[in-house]
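Notes for the structure review
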Amino acid sequence: MAKRYNIAVIPGDGTGPEVINEGLKVLISASNRGGFELDFTTYDFGGERYLRTGEILPDSAIEEFREMDAIYLGAIGHPDVKAGILEKGILLKIRFSLDQYINLRPVKLYPGVNTPLKDKGPEDIDFVVIRENTEGLYTGAGGFLKKGTPDEIAIQESINTRKGVERCIRYAFEFCKKSKKSKKRKLTLCGKTNVLTYAFDLWERTFKEVSKEYPDIETNYAHVDATCMWMVKNPEWFDVIVTDNMFGDIITDLGAIIQGGMGIAAGGNINPESTSMFEPIGGSAPKYTGKNMINPLAAISAAQIMLEHIGESEMASIVEKGIMRVVFNDIKSLSAGKMGRSTTEVGDLVVRYVEEEDVSG
Ligand code: IPM
Ligand code: MN
């Protein structure tokens, strides 16, 4: 019997639904070709629903997600909703309640894509960031004292547990050992041991301890500020980077721009034991909504990472080849409105390549 996967789809806000539509087209063609079945259940959580009903994301939905094989998310963020409400109430709530403790973000420059880095090409920009995804500055620990007065105090605490740090670091070592995305079997810890002497002391000690179990993995360390510098100057030095939640957030936007921008960057929020969620990194891009101008390749890349994760590696690599063919042959730029093709045309092209792709090639 054909394998069957249940996928929760949250198109979300702005251009989210448009890019997710293209991703779904590609997923369907991959499932046809790969001989497996995808059952999609769509949820309309996002800014519109919140403004209409006041509901953000009920716990009952989280319970439904637990039973799914994966979640496919478009974008969250609405111009009429105060910043933080939907991000915390939907995106972070899913990451935290499903304990998706890894945020996996490949940074890969495909041939034919422009990078703002002078003299750097696809052979130089090809690494993966493994970002801790449930702790650090993101837990919401802290608060105000004397809010609104001249003596106001705002405290935002970085929570780092031995368990949380260790499972993230272990995941990174295992990734270096097993994934074909790790080309050099080299793991860099990115931190700030010279200033954050408690949090990154824990990270560094754990990293060193775990590294003893992986004698074949080369390890090194870089401060986060230096990491930013090297990502621009010598991105070819990196293979796999492991870091905390906040630093991972920041360096993966830098990573996204050197691989061609938000039109292509995607990632996975992973719980290796439960339901994971896949999303393009870019936001909801409200100004392009409904114009058939946004680039769907980031959402299609998220779908590709999802296929890989659920175990459909062959179709994942065919989808990636399709994406690579589109960026190489068919579009002028990855930016919305400058592609020389519409959103739906780009999706159709990937579908065509997925149907045609010669597996032997
Ligand atoms: C990301 C985003 C989110 C984050 C926001 C929208 C909460 O920037 O996925 O990188 O900070 O994690
Ligand atoms: Mn971010």
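These figures come from a predicted structure and were not determined experimentally.

Cut-offs and rules
- Residues numbered from 1 in each chain as written.
- Chains lettered and ligands numbered in written order.
- Predicted model: local features only at pLDDT ≥ 70, side-chain atom pairs only at ≥ 80, totals over all residues.
- Heavy atoms only, no water.
- Helix = DSSP H or I, 4+ residues; strand = E, 2+ residues; numbered from the N terminus.
- Buried < 20%, exposed > 50% of the residue type's maximum accessible area, 1.4 Å probe, protein only.
- Lys, Arg positive; Asp, Glu negative; His and termini not counted.
- Salt bridge = Lys/Arg side-chain N within 4 Å of Asp/Glu carboxyl O.
- Polar contact = N/O pair within 3.5 Å; in protein donor to acceptor, adjacent residues only side chain to side chain.
- Contact = heavy atoms within 4.5 Å.
- Near = heavy atom within 4 Å.
- Areas by Shrake-Rupley, 256 points an atom, 1.4 Å probe, with all protein chains shown as cover.
- Nonpolar A, V, L, I, M, F, W, Y, C, P; charged D, E, K, R; others polar.
- Domains from an automatic or database assignment.
- Buried area = accessible area lost by both parts, 1.4 Å probe.
- Phe/Tyr/Trp six-rings, centres within 6.5 Å; stacked < 30°, edge-to-face > 60°.

1. Points about the side chain of Lys-186
Within the secondary structure, Lys-186 is located in strand E8 (residues 186-191). Of the side chains with opposite charge, Glu-218 comes closest to the buried, unpaired Lys-186, at an N-O distance of 4.6 Å. There is a polar contact of 2.7 Å between the side chain of Lys-186 and the backbone oxygen of Trp-237. With sequence-adjacent residues up to four places away left out, Lys-186 is seen in contact with Cys-176, Ile-217, Glu-218, Asn-220, Trp-237, Asp-239 and Val-240.

2. Regarding the site of ligand 1
Close to ligand 1 lie Glu-87, Leu-91, Arg-95, Arg-105, Arg-131, Tyr-138 and Asp-249, which account for all nearby residues. Within the side chain of Tyr-138, a nitrogen or oxygen atom sits 2.6 Å from an oxygen atom of ligand 1. In the environment of ligand 1, an oxygen atom lies 2.9 Å from a nitrogen or oxygen atom belonging to the side chain of Asp-249. Surface burial for ligand 1 is 75%, taken as the share of its 320 Å² of free accessible area covered by protein chains. At three residues, the largest contribution of residues to the shell around ligand 1 is made by helix H4 (residues 85-97). Along the lines of polarity and charge, the residues of the shell around ligand 1 split into two nonpolar, no polar and five charged. Residue contributions to the shell around ligand 1 reach at least three from each of two domains, namely domain 1 (1-100 + 283-361) and domain 2 (115-259).

3. Digging into the domain arrangement of the protein
Here the protein is partitioned into domain 1 (1-100 + 283-361) and domain 2 (115-259). A separation of 25 Å is found between the C-alpha centroids of domain 1 and domain 2. Each partner contributes to the interface: domain 1 provides seven residues, whereas domain 2 provides eight residues. Note on domain 1 versus domain 2: buried area summed over both sides is about 740 Å², and carbon and sulfur give 45% of it. Together, Arg-95, Phe-96 and Asp-99 form the three largest contributors to the area buried by domain 1 at its contact with domain 2, with a combined 54%. In this structure, Glu-308 engages Lys-180 in a salt bridge whose closest nitrogen and oxygen atoms are separated by 3.7 Å.

4. Some points on the packing of aromatic side chains
One pass over the structure, following the stated rule, counts ten aromatic pairs. Three or more aromatic residues joined by ring pairs make a cluster, and in this case those are Tyr-43, Phe-45 and Phe-65.

5. Description of the pattern of salt bridges
Summed over all chains, the structure comprises 28 salt bridges. One salt bridge connects Glu-209 with Arg-162, and the closest N-O pair in it is separated by 3.0 Å. Pair noted here: Glu-209 is in helix H6 (residues 199-211) and Arg-162 is in helix H5 (residues 162-178), with a separation of 47 residues, a long-range link. For Glu-209, a relative accessible area of 40% corresponds to the partly exposed category. Here Arg-341 ties to Asp-330 by a salt bridge, and the two come within 4.0 Å at their closest N and O atoms.

6. Observations regarding the environment of Glu-236
Topologically, Glu-236 is positioned in the loop between helix H7 (224-233) and strand E10 (240-243). Distance in space between the C-alpha atoms of Glu-236 and Pro-122 is 9.5 Å, their sequence separation being 114 residues. Once residues within four sequence positions are removed from consideration, Glu-236 is found in contact with Lys-120, Asp-124 and Lys-184.

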